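Residue-level listing of the chains:
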Amino acid sequence: MTQSGTRLVQLGWWVVLATLAVGWSTSLEAFVEGPATGADAPVLLGLSVIATAGAVVAAAARRRGQHWLVALALVLVALSPTVFVYPLNLAVLGLAFAELAAALGCCGSPSPGSR
């Protein structure tokens, strides 16, 4: 992988971390302030847990080169409740599509010598 490609991957993981941080901040604020916020705190906390689990699965799958699983896990990360910071969710979905493209590139037709 080129140096610019490595930097792009690192930037992508920073976007994932920022998405999780904003999501947890939103969830915890709704939980602490209770019904005054008008938000359903248990749902937001559940979405934050799902997004965090997705990030863990994505990181583990990335190390193994399982692009399909990384893409699926990043879609779960995009469920993070980032109220009014939706560009982060869109960026994570963009990362998921990039992983999906990598999976399609890796899983093309088998080479003639592989049979």
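Further up the page is the structure itself.
A short tour of the structure in this document, coming up. (Residues numbered from 1 in each chain as written. Predicted model: local features only at pLDDT ≥ 70, side-chain atom pairs only at ≥ 80, totals over all residues. Heavy atoms only, no water.)

**As for the overall build of the chain**
Item 1. A tally of helices and strands in the chain yields four helices and zero strands.
Item 2. Listing each helix as α and each strand as β along the chain from the N terminus yields α-α-α-α.
Item 3. Looking at the chain as a whole, 31% of its 115 residues qualify as buried.
Item 4. For the chain, long-range pairs separated by at least 24 residues make up 62% of all intrachain contacts whose partners lie at least 6 apart in sequence.
Item 5. As displayed, the chain offers around 7300 Å² of accessible surface, 71% of which is attributable to carbon and sulfur atoms. (Helix = DSSP H or I, 4+ residues; strand = E, 2+ residues; numbered from the N terminus. Buried < 20%, exposed > 50% of the residue type's maximum accessible area, 1.4 Å probe, protein only. Contact = heavy atoms within 4.5 Å. Areas by Shrake-Rupley, 256 points an atom, 1.4 Å probe, with all protein chains shown as cover.)

**Re a nonpolar patch on the surface**
Item 1. The grouping of Leu11, Trp14 and Leu17 at the surface amounts to a nonpolar patch, some 370 Å² of accessible area in total.
Item 2. Residue position: Leu11 is located in helix 1 (residues 3-33). (Patch = residues over 30% accessible without salt bridge, like charges linked within 9 Å, V, L, I, M, F, W, Y side chains within 5 Å. Salt bridge = Lys/Arg side-chain N within 4 Å of Asp/Glu carboxyl O.)

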